[in-house]
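As a plain string of letters, each chain reads:
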Amino acid sequence: KRFQEPKAERRPWRIWFYDTSKQAIGALFIHFANVFLSDLTEEDPCSLYLINFILDATLGMLLIWLGVKVVSWIVQHKKYTYLVFGEYG
């Protein structure tokens, strides 16, 4: 996927690795959390896994988006340049 980015805008390998590793760790965490939670029911565990996945993909993303907006506003308001999202120094 990195090679699909325009050459002028392509992130360095280290930053690309930081971005993709955060996504992979988050996906692994939610997968194992869903497997654990779906195992708690004696009904159909697949349906509970699907419900958890859908909630994470909708409400979870909305909460993350709101959190990023709030933190970005605070960082900009307080002028914390070292906490800007996407800036790795």
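Residues numbered from 1 in each chain as written. Predicted model: local features only at pLDDT ≥ 70, side-chain atom pairs only at ≥ 80, totals over all residues. Heavy atoms only, no water.

Identification of the chain as STIMA regulator from Pycnonotus jocosus is taken from an unreviewed UniProt entry.

The sites that UniProt annotates as "transmembrane region" (unreviewed entry) are residues 20-37 and 49-68. Between the end C-alpha atoms of residues 49-68 there is a gap of 26 Å, over a span that is 100% helix and 0% strand. (UniProt positions renumbered as here; feature names shortened; annotations may be inferred. Helix = DSSP H or I, 4+ residues; strand = E, 2+ residues; numbered from the N terminus.)

The next subject is the environment of Ala33. Position of Ala33 among the secondary structure elements: in helix H1 (residues 13-38). Separated by 16 residues in the primary sequence, Ala33 and Tyr49 have C-alpha atoms spaced 9.2 Å apart.

According to the stated counting rule, one finds three salt bridges in the structure shown. The salt bridge partner of Lys22 is Asp19, with a shortest N-O separation of 3.8 Å. Pair noted here: Lys22 and Asp19 are both in helix H1, with a separation of three residues, about one helical turn. When salt bridges that share partners are traced, they join Glu5, Arg11, Asp19 and Lys22 into one network. (Salt bridge = Lys/Arg side-chain N within 4 Å of Asp/Glu carboxyl O.)

A separate point is a nonpolar patch on the surface. A cluster of nonpolar side chains, contributed by Ile51, Leu55, Leu59, Leu62, Leu63, Trp65 and Leu66, occupies part of the molecular surface with about 700 Å² of accessible area. Relative to the helices and strands, Leu62 resides in helix H2 (residues 45-78). Judged by relative accessible area, which is 45%, Leu62 ranks as partly exposed. (Patch = residues over 30% accessible without salt bridge, like charges linked within 9 Å, V, L, I, M, F, W, Y side chains within 5 Å. Areas by Shrake-Rupley, 256 points an atom, 1.4 Å probe, with all protein chains shown as cover. Buried < 20%, exposed > 50% of the residue type's maximum accessible area, 1.4 Å probe, protein only.)

End to end, H1 covers 37 Å across 26 residues, agreeing with the expected 38 Å (1.5 Å per residue, within 8%). Within H1, burial applies to Ile15, Asp19, Asn34 and Ser38. In the core, the buried residues of H1 are packed alongside H2. (Expected span 1.5 Å × (residues − 1). Contact = heavy atoms within 4.5 Å.)

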